[in-house]
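Below, each chain spelled out in residue letters.
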Amino acid sequence: MHPAIQGLMTIVIGVGACVAYFYFSNQLVDRVLFPAKGPNAGRNINRANMVRPWLFLFPALFALTLYLAYPVVETLRLSMTDRDQGGAFVGLANYSQMFSEPKFWEAMTNNMLWLFVVPAMSTALGLIVAQLTDRLRWGNIAKSLIFMPMAISFVGASVIWKLVYDARPPDTEQIGVLNAMYVWFSGNDPQQWLTMPFWNNFFLMVVLIWIQTGFAMVILSAALRGIPEETIEAAIVDGAGPFQIFFKIKVPQIYPTIMVVWTTITLVVLKIFDIVFAMTNGQWGTQVLANYMFDKLFRANDWGVGSASAIVIMVLVTPILVWNVVQARREMR
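Quantities reported herein were computed from a predicted structural model and do not represent experimental measurements.

The rules behind the values
- Residues numbered from 1 in each chain as written.
- Predicted model: local features only at pLDDT ≥ 70, side-chain atom pairs only at ≥ 80, totals over all residues.
- Heavy atoms only, no water.
- Helix = DSSP H or I, 4+ residues; strand = E, 2+ residues; numbered from the N terminus.
- Rg over C-alpha atoms; globule rule 2.2 N^0.38 Å.
- Contact = heavy atoms within 4.5 Å.
- Areas by Shrake-Rupley, 256 points an atom, 1.4 Å probe, with all protein chains shown as cover.
- Lys, Arg positive; Asp, Glu negative; His and termini not counted.
- Charge placed at Lys NZ, Arg CZ, Asp CG, Glu CD.
- Patch = residues over 30% accessible without salt bridge, like charges linked within 9 Å, V, L, I, M, F, W, Y side chains within 5 Å.
- Salt bridge = Lys/Arg side-chain N within 4 Å of Asp/Glu carboxyl O.
- Axes fitted to C-alpha atoms, helices over the stretch in contact; angles between N-to-C directions.
- Parallel < 35°, antiparallel > 145°, perpendicular 65-115°, else oblique.
- Nonpolar A, V, L, I, M, F, W, Y, C, P; charged D, E, K, R; others polar.

1. Brief notes about the overall build of the protein
Okay, so step 1: When its secondary structure is counted, the protein shows 14 helices and two strands.
Okay, so step 2: Taken against the 2.2 N^0.38 rule, which gives 20 Å for 333 residues, the C-alpha radius of gyration of the protein at 27 Å runs more than 25% over that of a compact globule.
Okay, so step 3: The principal-axis extents of the C-alpha atoms in the protein amount to approximately 95 × 75 × 45 Å.
Okay, so step 4: Sequence-distant contacts in the protein: of pairs separated by 6 or more residues, those separated by 24 or more amount to 67%.
Okay, so step 5: As displayed, the protein offers around 20300 Å² of accessible surface, 70% of which is attributable to carbon and sulfur atoms.
Okay, so step 6: When the 22 positive and 19 negative side-chain charges of the protein are each reduced to one mean point, those points stand 14 Å apart.

Below, the structure written as structure tokens:
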């Protein structure tokens with residue numbers, strides 16, 4: 001069967017199943033369980049109205065349980081077993097082995113470095129661009145161009161930037177933009193940017209900053225436009241300059257939005273995998289936690305240590321995720 005027909009059938013069956021579920025479940029509630037007739041009609045209507053929201057929530061709750069709760073529990077179980085011993089329970093032995101491996105600490109160090117640099121740079125650049133483009137006549141076009149990398153997959157962006165960092169042998173034409181500029185201005189031989197210890201991590205971070213700046217810009221631009229004009233006008237009357245207005249009037253008023261953007265990008269950084277995998281495959285000191293987990297699970301076939309590293313990633317992500325939810329609820333209030 002042609003893939004296009006398969007895709008169309010999947011959409012039709014999926015949508016049809018959803019419509020059928022909601023139709024027949026409502027019929028079950030209204031006609032069988034709590035019929036709106038007889039001496040208890042009023043009570044049945046109230047009960048049906050109490051049950052109905054759960055009918056709509058059930059598919060999402062079922063999917064969350066199946067694809068989130070169960071994998072978490074199963075991963076935790078696997079992190080305490082040993083495949084070579086037939087899945088025998090070994091307690092915290094996998095965690096002990098993981099903590100003793102230099103590659104794990106390399107991955108942890110690199111992840112911390114990403115956490116310090118990427119959210120800060122993406123949020124700062126997004127805020128600056130949001131402020132500047134609001135003052136330009138063609139600001140919307142500039143915003144569209146800056147937001148465009150968000151439409152590119154991480155792997156696609158990695159391929160683009162790998163070409164930017166490409167290095168050809170000396171005395172040959174450089175197709176990599178960075179090396180072409182470097183050779184032109186310095187006269188030195190081209191550099192293998194992605195193999196430079198420590199600095200290659202920053203070259204990888206540039207890719208994620210390039211992508212996430214557009215996201216930060218859109219959210220922060222909306223927040224800046226929501227600032228009451230009265231506060232800005234009052235500051236101007238008091239003699240405040242542009243920098244004072246920006247840092248002392250605007251930034252404090254959108255601080256909660258800045259923190260939400262920061263933590264959202266932080267979640268992306270903690271789970272970063274595609275960019276490192278596509279550009280360096282974790283070589284030359286660029287290993288991160290997600291790549292370490294992938295190597296253990298699918299290359300070393302060590303499900304114990306691989307699952308233990310997955311639990312470490314989850315432990316790092318969960319507090320930030322909870323904070324985001326709490327902050328969102330606080331904003332709604």
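2. Some points on a nonpolar patch on the surface
Okay, so step 1: On the surface, a nonpolar cluster with roughly 520 Å² of combined accessible area is contributed by W54, L57, L61, L64 and L68.
Okay, so step 2: With respect to the helices, strands and loops of the structure, L68 is situated in helix α2 (residues 41-78).

3. Looking at the packing of helix α10 (residues 242-253) against helix α11 (residues 255-270)
Okay, so step 1: Close contact between α10 and α11 brings their axes to 4 Å; oriented N to C, the two are set at 65°. In terms of their interaxial angle, α10 and α11 are classed as roughly perpendicular. Every residue of α11 that contacts α10 at V251, P252 and Q253 is listed here: Y255, P256 and I258.
Okay, so step 2: The class makeup of the residues in the contact of α10 with α11 is five nonpolar, one polar and no charged.

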